[in-house]
Amino acid sequence: GGSAGGGGAWRVRYVGVMLDPTSVDALAAAVPPRHPNVTGQQHLTLCFEPAAAELAAALPLLGTLCTLRVEAEASDSRGQAV
């Protein structure tokens with residue numbers, strides 16, 4: 001992995017969407033947080049360690065507005081995925 005000034009190659013770890021305050025509230029109303037320490041979730045991760053094709057598909061969308069639909073939710077003792 002790379003780091004700023006570390007001399008290594010950079011790589012993308014996550015592709016996600018940042019939520020505005022209205023979307024944070026809508027998400028919490030639609031899918032309440034399952035853990036008491038999670039409040040005001042400000043992002044949704046779309047892909048972890050994206051493959052080259054996934055990254056290439058996401059790059060043109062950088063900085064654009066989008067609409068998301070919650071299709072499923074799962075949680076366990078360590079986390080929650082929407």
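What counts, and at which threshold
- Residues numbered from 1 in each chain as written.
- Predicted model: local features only at pLDDT ≥ 70, side-chain atom pairs only at ≥ 80, totals over all residues.
- Heavy atoms only, no water.
- Salt bridge = Lys/Arg side-chain N within 4 Å of Asp/Glu carboxyl O.
- Helix = DSSP H or I, 4+ residues; strand = E, 2+ residues; numbered from the N terminus.
- Buried < 20%, exposed > 50% of the residue type's maximum accessible area, 1.4 Å probe, protein only.
- Pairing = 2+ DSSP bridges.
- Contact = heavy atoms within 4.5 Å.
- Core = buried A, V, L, I, M, F, W, Y, C linked by side-chain atoms within 4.5 Å.
- Phe/Tyr/Trp six-rings, centres within 6.5 Å; stacked < 30°, edge-to-face > 60°.
- pLDDT = per-residue confidence, 0-100.

> Any chance you could break down the pattern of salt bridges for me, citing the residues and the numbers?
For the structure on display, the rule yields three salt bridges. Measuring nitrogen to oxygen at the nearest pair gives 2.9 Å for the salt bridge that ties R13 to E49. Taken together, the residues R13 in the segment before strand 1 (14–18) and E49 in the loop between strand 2 (43–48) and helix 2 (52–58) connect sequence positions 36 residues apart. Residue classification places R13 among the partly exposed positions, given a relative accessible area of 34%.

> Which residues make up the pairing of strand 1, and what values do they have?
Consecutive side chains of a regular strand alternate in pointing toward one face of the sheet and then the other. Covered by surrounding structure in strand 1 are V15 and V17 only, the residues Y14, G16 and M18 on the alternate face being uncovered. Across five bridges, the pairing between strand 1 and strand 2 is antiparallel. Each residue of the ladder has a partner; that of M18, found in strand 2, is H43.

> Account for the environment of L27, naming residues and giving values.
With respect to the secondary-structure elements, L27 resides in helix 1 (residues 21–30). For L27, a relative accessible area of 12% gives the class buried. It is 20 Å that separates the C-alpha atoms of L27 and G63, two residues lying 36 residues apart in sequence. With residues up to four places along the chain from it excluded, the contact list for L27 reads L19, P32, L44, V70 and V82.

> Lay out the nonpolar core with the relevant residues and their values.
Counting residues in hydrophobic clusters, the biggest one holds six residues: V17, L19, V24, L27, V31 and L44. Leaving out residues up to four positions away in the same chain, L44 has contacts with V15, G16, V17, L19, L27, L68 and V82.

> I'd like to hear about the packing of aromatic side chains, residue by residue, with values.
The final tally for this structure, using the stated rule, is one aromatic pair. With centroids separated by 5.1 Å and ring planes inclined at 55 degrees, the aromatic side chains of Y14 and F48 adopt a geometry described as tilted. Of this pair, Y14 sits in strand 1 while F48 is found in strand 2, placing the two residues 34 residues apart along the sequence.

> If you had to explain the confidence of the model for the protein chain to someone new, which residues and values would you point to?
Considering every residue of the protein chain, the mean pLDDT works out to 86; 91% of them sit at 70 or more. Taken element by element, the protein chain is modelled with least confidence in strand 4 (residues 80–81), mean pLDDT 86, and with most confidence in helix 2, mean pLDDT 93.

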